Amino acid sequence: MSTQASQTAKKSEVRGVFSSQEIRKVGTGTTTRKTVQKTFWFVEQHGDVIECQPLNTNYIPSGPKRKITMDELIAKFSPEPEFYMNSVFPKMQELQQTVDNGDEHRKNGETFAAEYEYSRALKLDTDNVRANFGIGLTYLERGDNAKAQDIFQRLVKLDATFEPEHKHLFNEFGISLRKSKMLDESVEYYHRALELTKNDENLFMNMARVLLEIKDIPGCVEHLLNALRLAPRHEPSLKFLAWLIQKQLVPADKMDQVKSALQAAQEATQSGTPPQDSATAG
């Protein structure tokens, strides 16, 4: 492709299905022959970042995404616009609508209708994060912890569970695990989230809530301190810390760090720093 064509491609964001081909040798000796394996990918560009994701057998983008460069896209991938418009795009719309229907039913307290829609979505894409969260929350709301446990095991293995776009859902799910007294699962869930997302004060605060319930007070205080290191005026963490001080639960070896955190919060208040959002803490 010419330099001018390459520059033109970079100006507009890419979204669609592309294919790649891999030549493989099959057999040995005189029976050796070459086969061409064609793989289809959903490619989407966000600013300077281009991501490609394989299609599953239902023509849905599913599985881990990987980043590629524009030069790689041009050199190694071929556009498949008709396949995208005739097969992939309609399936993606169907999946989106099915998950939306599930969310609407769950919002209205219609848990069995929600389960039906989420189950339909998962038949199209087993790894769909929104559908997994939705059906997991539906089970927790219904008190069906055994089924929720199965969904939990699936979610903690999916890296996409803890991507920023799902922040509200993964916080809500963790809170629901704790409120359903699935405390071991909640601790494992937050550990996994913190492995992948280290800059979310609400995650640290919510982990602290679970650690309090399992009576790990030092761990509870440490996670609150981590939250306040990220966000010195994080209101839920400050209130939680004040409650622990009132109940005389703060370990002696943590008091100096607690005093430093409270001092930092006071200084942030005096400097006019706005309080941090606490919408996903609970």
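Refer to the structure above for everything that follows.
What this report covers is the structure whose coordinates are included nearby. (Residues numbered from 1 in each chain as written. Predicted model: local features only at pLDDT ≥ 70, side-chain atom pairs only at ≥ 80, totals over all residues. Heavy atoms only, no water.)

Quick notes on the packing of helix 7 (residues 167-179) against helix 9 (residues 201-213)
One can describe the packing of helix 7 onto helix 9 by two numbers: an axis separation of 11 Å at closest approach and a directional angle of 5°. As far as their axial angle goes, helix 9 and helix 7 are roughly parallel. Counted together, F170, N171, I175 and R178 of helix 7 and N202, L203, N206, R209, V210 and E213 of helix 9 form the full contact between these two elements. (Axes fitted to C-alpha atoms, helices over the stretch in contact; angles between N-to-C directions. Helix = DSSP H or I, 4+ residues; strand = E, 2+ residues; numbered from the N terminus. Parallel < 35°, antiparallel > 145°, perpendicular 65-115°, else oblique. Contact = heavy atoms within 4.5 Å.)

Looking at helix 7
Helix length check: helix 7, at 13 residues, gives a terminal C-alpha distance of 19 Å against a target of 18 Å (1.5 Å per residue), a fit within 8%. Residues of helix 7 that are buried: L169, F170, N171, F173, G174, I175, S176, L177 and R178. On its buried face, helix 7 sits against helix 5 (129-142), helix 6 (145-155), helix 8 (183-196) and helix 9. Taken from the residues just after helix 7, K181 is the one with a positive phi, measuring 65°. (Expected span 1.5 Å × (residues − 1). Buried < 20%, exposed > 50% of the residue type's maximum accessible area, 1.4 Å probe, protein only.)

Some details on the pairing of strand 2 (residues 33-46)
As paired elements, strand 2 and strand 3 (residues 49-54) share six bridges and run antiparallel to each other. Following the sheet pairing, W41 is matched in strand 3 by P54. Linkage of strand 2 to strand 3, two consecutive antiparallel strands, is achieved through a turn of two residues, within which G47 is found at a positive phi near 65°. (Pairing = 2+ DSSP bridges.)

Regarding the pattern of salt bridges
Under the definition given, this model contains 19 salt bridges. The closest approach of N and O atoms between E44 and R15, which form a salt bridge, is 2.9 Å. Of this pair, E44 sits in strand 2 while R15 is found in strand 1 (residues 15-26), placing the two residues 29 residues apart along the sequence. Its relative accessible area of 21% is what places E44 among the partly exposed residues. The class for R15 is partly exposed, based on a relative accessible area of 45%. A salt bridge links K91 to E94, with the nearest nitrogen and oxygen atoms 3.7 Å apart. (Salt bridge = Lys/Arg side-chain N within 4 Å of Asp/Glu carboxyl O.)

So, unusual backbone geometry
Look at K181: it is not a glycine, yet its phi comes out positive at around 65°. In this structure, K181 sits in the loop between helix 7 and helix 8. One non-glycine residue, K215, lies in the positive phi region at around 65°. Tracing the chain through its elements places K215 in the loop between helix 9 and helix 10 (217-230). Taking the relative accessible area as the measure of exposure, K215 reaches 68% and is therefore exposed.

Description of the nonpolar core
In terms of nonpolar packing, the biggest core is built from 53 residues, with F133, F173, Y189, L224 and L244 touching the most fellow members. Dropping the residues within four chain positions of it, L244 is found in contact with L212, C220, V221, L224, L249 and V250. Judged by nonpolar contacts, the second largest core, of ten residues, contains F18, W41, C52 and M70. (Core = buried A, V, L, I, M, F, W, Y, C linked by side-chain atoms within 4.5 Å.)

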